[in-house]
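Survey of secondary and tertiary structure
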Amino acid sequence: PLELPNPRSFRYEERERVGIITLDRPDRYNALTFEVYRELTDLFAVLDRRSLAEGGARAILIRGEGKAFCSGGDVSDIITRLFERDMEGLLMFTRMTGELIQEIRRCKLPVITSIKRVAAGAGAVIALASDLRVMGSNSFFSFLFPQVGLSGADMGASYLLPRVVGLGLASEILLLGDRVSAQRCLSIGLANQIVDDTDPADVDGAALTLAAKIAAGPLFANRMTKTMLQRELDMTFGDAIEAEA
């Protein structure tokens, strides 16, 4: 079915052929809940198919309400409750979070993330899974998993990050869990654009402008470009040439 889900945990609208996902818990720096994971996954599962219908979105923008993008999993709604789960329950949770990242990568529409102030933990991986990232000048990434006793190999981070910044830098970022400033993100290819964030709304505005520019381009070509970028990651050069042909 092409009908959009009716999410309760975030907002979704379409403007200038851009589907805008707004994480809407500004008082918690848009921390993620079990419900957000499930509803985001369900939305991404249908967005690509809707793009082929008349009037469907041709690019996706993920942003956060207020001054921040996303601080990761909510401490009370997720972290505390995970301590109550046995190993099977923890495995179910990690598979659910990974499913969201898979749907973002499977979606043939280009995905742009607007990063204000912080993209931490799961929020950092969601931004990493997008195709383009616009950052505020005072924002940062924080793959903070090792700082709370967790492996940096979470939600596909150890697959995606080396492919964006290289193995050496990815190893440093995921083993230390330190903040990665916007300027450093730009220098290593983790950010595509930096915007002055004296007014945080300017970051969202720049990201929307970029998404709208892509959405105004050729739909089939853009969908195929993203598809082949994803598929060719694990191909030999010869196989890639043949696949493109």
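Residues numbered from 1 in each chain as written. Predicted model: local features only at pLDDT ≥ 70, side-chain atom pairs only at ≥ 80, totals over all residues. Heavy atoms only, no water.

**Description of empty space enclosed by the protein**
With the rule as written, the count across this model stands at one cavity of 30 Å³ or more. Computed from the structure, the largest cavity encloses a volume of approximately 30 Å³. Lining of the largest cavity is provided by S9, L23, D24, R25, N30, A31, L32 and V36. Considered class by class, the residues forming the lining of the largest cavity number four nonpolar, two polar and two charged. (1 Å grid on protein atoms, 1.4 Å probe; cavity = no way out; pocket = protein on both sides within 12 Å on 5 of 7 lines; lining within 4 Å. Points joined across faces, edges and corners; volume = space filled by probe spheres on them. Nonpolar A, V, L, I, M, F, W, Y, C, P; charged D, E, K, R; others polar.)

**Topic: the sheet that holds strand β8 (residues 179–181)**
One open sheet holds the three strands; their spatial order is β5-β7-β8, and the pairing between them is mixed. Single-partner strands in this sheet number two, and they are β5 (118–120) and β8. Strand-to-strand twist across the sheet, computed as the mean angle between neighbouring axes with direction ignored, equals 20 degrees. Here β5 runs beside strand β7 (residues 140–142); their pairing, made up of three bridges, is parallel. Paired with A119 across the two strands is F141, which belongs to β7. Contacts between helix α4 (residues 122–129) and the sheet are confined to β5 and β7, with β5 contributing the most and set at about 100 degrees to the helix. (Pairing = 2+ DSSP bridges. Helix = DSSP H or I, 4+ residues; strand = E, 2+ residues; numbered from the N terminus. Axes fitted to C-alpha atoms, helices over the stretch in contact; angles between N-to-C directions. Contact = heavy atoms within 4.5 Å.)

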